[in-house]
Amino acid sequence: MAISDDVLVVGGGLAGMTAAVAAARGGARVRLLSHKASTLRNASGLIDVLGTDPESGAPLADPFDGLDALPGEHPYRILGEAAIREGLDLFDDLLGDRYLGSHTDRNALVPTHGGTVKPTARYPESTGSGLASSRERTLLVGFETITDFDAPLAAAHLENAGVPFEVRGVTLPFPGEFRADVRVTRMAHALDEDREAPVDGRPGTRAALAERVSEHLDGEERVGLPALLGDERGEEVREQLSTRLGTDVFEVPMGPPSLPGLRLEDALEAALHEEGVRVESGNPVVGYEGDDRVETVTVERVHREVPYEAEQVILATGGLVGKGIRSSRSGVCEPIFGCHVPQPEDRYDWFSEGVFDDQPFARFGLRIDEGCRPLDGRGETEFENLRAVGAVCGGYDSAREKSASGVSLATAATAGRRAAECL
Ligand SMILES: Cc1cc2nc3c(=O)[nH]c(=O)nc-3n(C[C@H](O)[C@H](O)[C@H](O)COP(=O)(O)OP(=O)(O)OC[C@H]3O[C@@H](n4cnc5c(N)ncnc54)[C@H](O)[C@@H]3O)c2cc1C
């Protein structure tokens, strides 16, 4: 007999987890099935809604100002502004004061580890005192082992970009004995635990770090460090560093593995638990049974195929990165339900020549209706009880627009609510 639930969510990234919470809050019994870790642990942890103007590519002050210029097949155009706001409201409610930005519609400008400025709708509280709209003099501090954050270079890039504050960068050794290829999570844990740094003979990692940084302070009012300032005790670590330095302290979002992404993942997992969502991970969904309705989905578990039954199914398997959309020489497909993925017939038309050109492959994914149900090649609903959310949806270029998490949240809130309403 199949395992039975009201709503089955396939995929455990930002989109799947928030869709599951939305459905559970609508009164549904929800199960989430996820194969592997999502892209969250590699993501910056920033929640972009629309960072750039769809026509000019220039940074957008207010993401809602750019919506009308998006193409008709864009998920935002299909779902409407209300869906974006519903997704953001859900996110704000789940993350509480761990994220900032809900006080305004305007994008915040968050400095990145590459020395660019990212227009984003929601940002971790730990990055809050680093916003590029502030005029406070800034010291960026990099560490010798963190090669993808060259603080002096990032500072120079920020100055070239015309930020309204003076900024300098220094690179320091991180206190303690760490191998050159140490992971940022280990450094974060050292700050959490505040162990004595054996080489220095200092009382603890936090004090030793503050002492090193303070030697380089020259009247700066804030200090930005790579996002590794603690994992479980981040707030405490930042507060202590800030007190010892006499400046604000903020984190600069980093590439993979990303502490802000991991913290966001932890918070969403806790929300799933709180809402009573049953979570199973480690096994892939490989197919389904049904005709114009999905009756069961099939999970491959140790060479056995196990059916899971649900009234409503939400597909949240990610895009080309998450493996929700696959490409091969013969074409681009959605591998579980075989949903239609619009694509140029000729493979050579998947790409444009210039690296910075509009790339057709970046928009690959399922077309959806206003209830997030995937559409076939004729524009008809593929399955009456299947909805698609997040990066498995197409019609938008998240990297170019800076819209990835906004689309995930808008589709997830809509699909989760609509799935629960259909029970
Ligand atoms: C490097 C990086 C940086 C990013 N930076 C930003 C940023 O600055 N701002 C921003 O807004 N967004 C950013 N994002 C995007 C954001 O984090 C999410 O990737 C995006 O919202 C899409 O999430 P998703 O849940 O749709 O997909 P994913 O995160 O890809 O999750 C898909 C899930 O589905 C599971 N899955 C796939 N196939 C199956 C199957 N057959 N059976 C069961 N489970 C399956 C996967 O294991 C995974 O858990 C970034 C992403 C990356 C990768």
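First, a word on what this report is: a plain description of the structure on this page. (Residues numbered from 1 in each chain as written. Predicted model: local features only at pLDDT ≥ 70, side-chain atom pairs only at ≥ 80, totals over all residues. Heavy atoms only, no water.)

**A few points about helix α7 (residues 234-245)**
Definition in use: Strands are runs of DSSP state E lasting at least 2 residues, helices are runs of H or I lasting at least 4, and numbering of each runs from the N terminus. The span expected for a helix works out to 1.5 Å for each residue beyond the first. Each residue is assigned to one of three classes by its accessible area relative to the maximum for its type, calculated with a 1.4 Å probe on protein chains only: buried under 20%, partly exposed between the two thresholds, exposed over 50%. It is the directions from the helix axis to the C-beta atoms that the arc portrays. Two residues form a contact once any of their heavy atoms are found within 4.5 Å.
Compared with the 16 Å implied by 1.5 Å per residue over 12 residues, the 16 Å span of α7 between its first and last C-alpha is a close match. Residues of α7 that are buried: Gly-234, Val-237, Arg-238, Leu-241 and Leu-245. Buried residues of α7 fall within an arc of 95° about the axis and therefore sit on the same side. The exposed set on the far side of α7, more than 90 degrees from its buried face, consists of Glu-235, Glu-239 and Thr-243. Looking at the buried side of α7, the elements it contacts are α5 (184-193), α6 (205-214), β9 (222-226) and β10 (248-252). Just downstream of α7 lies Gly-246, where phi reads positive at about 70°.

**Overview of the sheet that holds strand β8 (residues 167-172)**
The criterion, for reference: Two strands form a pair only when DSSP identifies at least two bridges running between them. In this description, a line fitted to the C-alpha atoms serves as the axis of each element, helices being fitted only across the stretch in contact, and the angle between N-to-C directions of two axes falls anywhere from 0 to 180 degrees.
As summarised here, the arrangement of the four strands in space is β8-β7-β9-β10, forming an open sheet in which the pairing is parallel. Edge positions in the sheet fall to β8 and β10, since each of these pairs with one other strand and no more. Geometrically, the sheet is characterised by an average inter-axis angle of 25° between neighbouring strands, direction not taken into account. Contacts from helix α4 (residues 151-160) reach β7 (138-143) and β8, with the element oriented near 170° to β8. The sheet contacts of α7 involve β9 and β10, and relative to β10 the element is tilted by about 135°.

**Here's the deal with the site of the ligand**
Stated precisely, the cut-off is as follows: In this text, near means that some heavy atom of the residue lies within 4 Å of the molecule or strand in question. Under this definition, polar contacts are N or O atom pairs within 3.5 Å; protein pairs additionally need one hydrogen-donor-capable and one acceptor-capable atom, and for neighbouring residues in sequence, both atoms have to be side-chain atoms. In the scheme used here, Gly and all other residues not listed as nonpolar or charged are polar, with Ala, Val, Leu, Ile, Met, Phe, Trp, Tyr, Cys and Pro taken as nonpolar and Asp, Glu, Lys and Arg as charged.
Surrounding the ligand, one finds 31 residues, the nearest of these being Thr-39, Ser-44, Lys-118, Ser-405 and Ser-408. A distance of 2.5 Å is found between an oxygen atom of the ligand and a side-chain nitrogen or oxygen belonging to Ser-44. For the ligand, an oxygen atom lies 2.9 Å from a polar atom in the backbone of Asp-48. Every element with two or more residues in the shell around the ligand is listed here: α1 (14-25) and α10 (404-421). Top element by residues in the shell around the ligand is α10. It accounts for three residues. Classifying every residue of the shell around the ligand by side-chain character gives 13 nonpolar, 15 polar and three charged.

**A few points about a nonpolar patch on the surface**
Here is the rule: Without a salt bridge and with relative accessible area above 30%, a residue can belong to a patch; like charges are then joined within 9 Å and nonpolar side chains (Val, Leu, Ile, Met, Phe, Trp, Tyr) within 5 Å. Here, Shrake-Rupley sampling with a 1.4 Å probe gives the accessible areas, and only protein chains in the shown set may cover a residue. Definition used for salt bridges: Asp or Glu carboxyl oxygen within 4 Å of a side-chain nitrogen of Lys or Arg.
On the surface, Leu-320, Phe-351 and Phe-361 cluster together into a nonpolar patch covering about 270 Å² of accessible area. Its place among the elements puts Leu-320 in the loop between β14 (304-315) and β15 (326-328).

**Quick notes on the packing of α5 against α6**
The axes of two packed helices give the description: the angle between them and the distance between them. Using the following cut-off: What sets the label is the angle itself: under 35 degrees gives roughly parallel, over 145 gives roughly antiparallel, 65 to 115 gives roughly perpendicular, and the rest give oblique.
At a minimum axis distance of 7 Å, the contact between α5 and α6 shows a crossing angle of 105°. The pairing of α5 with α6 is recorded here as roughly perpendicular in orientation. For the pair formed by α5 and α6, the contact residues are Ala-190, Leu-191 and Asp-192 on the first element and Thr-205, Arg-206 and Leu-209 on the second. Across the contact of α5 with α6, the residue classes tally to three nonpolar, one polar and two charged.

**Comments concerning unusual backbone geometry**
Here Pro-256 and Pro-257 are connected by a cis peptide whose omega angle stands at -15°. The phi dihedral of Lys-402 falls on the positive side, at around 60°, and the residue is not glycine. Here Lys-402 lies in the loop between α9 (398-401) and α10.

**Some remarks on α10**
One turn of an α-helix holds 3.6 residues; hence residues three or four places apart share an orientation. Its 18 residues give α10 an end-to-end C-alpha distance of 26 Å, which sits within 8% of 26 Å, the value for a rise of 1.5 Å per residue. With 14 of 18 residues buried, α10 lies mostly within the body of the structure.

**Side note on the environment of Ala-23**
Secondary-structure assignment places Ala-23 in helix α1. With sequence-adjacent residues up to four places away left out, Ala-23 is seen in contact with Val-7, Ala-28, Val-30, Gly-416 and Ala-420.

**Considering the packing of aromatic side chains**
Heads up, the condition is: Between rings of Phe, Tyr and Trp, where Trp is taken as its six-membered ring, a pair exists when centres lie within 6.5 Å; planes separated by under 30 degrees are stacked, by over 60 edge-to-face, and by other angles tilted.
One pass over the full model with this rule turns up six aromatic pairs. Between Tyr-288 and Phe-337 the ring centres are 5.3 Å apart and the planes differ by 45°, which places this aromatic pair in the tilted class. Here Phe-337 lies in the loop between β16 (331-333) and β17 (386-388) and Tyr-288 lies in strand β12 (residues 285-290), a separation of 49 residues in the sequence. For Phe-337, a relative accessible area of 4% translates into the label buried. Pairing Tyr-288 with Phe-383 gives two aromatic rings, centres 5.2 Å apart and planes at 80°, and the pair type is edge-to-face. Here Phe-383 lies in the loop between β16 and β17 and Tyr-288 lies in strand β12, a separation of 95 residues in the sequence. In this structure Tyr-288 comes out as partly exposed when scored by relative accessible area, which is 28%. For Phe-383, a relative accessible area of 4% gives the class buried. Members of the aromatic cluster, joined through ring pairs, are Phe-143, Phe-174 and Phe-178.

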